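# Topology and contacts: notes
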Amino acid sequence: DEILRTVADINQLLISSKNTTDLLQQSCDRLAGFGDYKLAWIGFAVDDTVKIAYKSYDPTGYLNDDLHISLNPSDPTSKGPSATSILENKTVIVDFLAYSKEFEPWKERAAKSGFNSSIALPLRSDIYSRPFGTLGVYTDRASGFDKKEVAMLEELAGDIGFAIYSLNQNEAFKQHLITDSLTGLPNRTILFDELEAQKISRVSIVNIDRFKDINEVY
């Protein structure tokens, strides 16, 4: 019941958040605020690595600057839960108390942090798409994650992935509406908004002959 309320709380964020930053940071904070969860983070696939973009308060230092997660299969750090969740497009649960050669690079770090288990869930725009990121959650609960809990977290990761995609698409569309595609400079829509906001009543327009040629060549 408690995790269900936490998931419902985050789903409310998905509906109300106006931008990706607020949504993802608050999602991590809410997850880590659940009694048995100690840390939550979201990372994105960038240039064959997983880059941590958002994380909850981390007093353990588990996610410090030297944490390297590769997406290159020849790199040992690609065998961990986060990279595996992206590379194999599946949920990965790790029991840090059990020996596993693949997760050896994180075993000592997890033990120092007091974590007993972690779950990594792929983030994707829909169930048919390849993952673009991962959601990681850590618990000190000896029993780890049960089946119903995993199912709820998988549904939540699906909702978060779709929300990220939708918000990014919305931001990209907004940017397209207010930016000149050739120069990347603000277009006339922004000009009119600025004139109105700053209550400017007079504008001087200068025409440069054949400026179109300069634009197209350079």
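Residues numbered from 1 in each chain as written. Predicted model: local features only at pLDDT ≥ 70, side-chain atom pairs only at ≥ 80, totals over all residues. Heavy atoms only, no water.

## A closer look at the sheet that holds strand β3 (residues 92–95)
Where strands meet in a sheet, backbone hydrogen bonds hold them as pairs that are either parallel or antiparallel. Taken in spatial order, the five strands line up as β2-β1-β5-β4-β3 in an open sheet, and their pairing is antiparallel. The open sheet has two edge strands, β2 (49–55) and β3, and neither has a second partner. Taking the axes of each pair of neighbouring strands and ignoring which way they run, one obtains an average angle of 25 degrees across the sheet. The pairing of β3 with strand β4 (residues 117–123) spans four bridges and is classified as antiparallel. Within β4, the position partnered with V94 by the bridge is S118. Of the strands in this sheet, β1 (37–46), β3, β4 and β5 (133–139) are in contact with helix α5 (residues 147–178), which crosses β4 at around 35 degrees. (Pairing = 2+ DSSP bridges. Helix = DSSP H or I, 4+ residues; strand = E, 2+ residues; numbered from the N terminus. Axes fitted to C-alpha atoms, helices over the stretch in contact; angles between N-to-C directions. Contact = heavy atoms within 4.5 Å.)

## Remarks on empty space enclosed by the protein
One pass over the full model with this rule turns up two cavities of 30 Å³ or more. Estimates place the volume of the largest cavity at around 100 Å³. Y62, P81, S82, W106 and Y138 are the residues nearest the centre of the largest cavity, which is lined by 13 residues in total. Residues belonging to the lining of the largest cavity are distributed by class as follows: nine nonpolar, four polar and no charged. In this model, the second largest cavity occupies a volume close to 40 Å³. V94, D95, F96, A98, S100, F103 and K107 are the residues that line the second largest cavity. (1 Å grid on protein atoms, 1.4 Å probe; cavity = no way out; pocket = protein on both sides within 12 Å on 5 of 7 lines; lining within 4 Å. Points joined across faces, edges and corners; volume = space filled by probe spheres on them. Nonpolar A, V, L, I, M, F, W, Y, C, P; charged D, E, K, R; others polar.)

## Topic: the pattern of salt bridges
One pass over the full model with this rule turns up six salt bridges. Close ionic contact of R30 with D9 constitutes a salt bridge, the shortest N to O distance being 2.8 Å. Separated by 21 residues along the polypeptide, R30 in helix α2 (residues 20–33) and D9 in helix α1 (residues 2–16) bring together distant segments of the chain. A salt bridge links D213 to R210, with the shortest nitrogen-to-oxygen separation between them at 2.8 Å. The class for D213 is partly exposed, based on a relative accessible area of 31%. Among the residues examined, R210 registers a relative accessible area of 67% and is labelled exposed. Among the charged side chains, a salt-bridge network with shared partners connects D36, R141 and E149. (Salt bridge = Lys/Arg side-chain N within 4 Å of Asp/Glu carboxyl O. Buried < 20%, exposed > 50% of the residue type's maximum accessible area, 1.4 Å probe, protein only.)

## Description of the packing of α2 against α5
In the contact formed by α2 and α5, the axes pass within 10 Å of each other and the chain directions differ by 165 degrees. Accordingly, the angle class assigned to the pair α2 and α5 is roughly antiparallel. In the packing of α2 onto α5, the handedness of the crossing is left-handed. Residues T20, L23, L24, S27 and L31 of α2 pack against L153, L156, I160, A163, I164, L167 and N168 of α5. Its residues assigned to classes, the contact of α2 with α5 comprises nine nonpolar, three polar and no charged. (Parallel < 35°, antiparallel > 145°, perpendicular 65-115°, else oblique. Left-handed = near helix turned anticlockwise from the far one by under 90°.)

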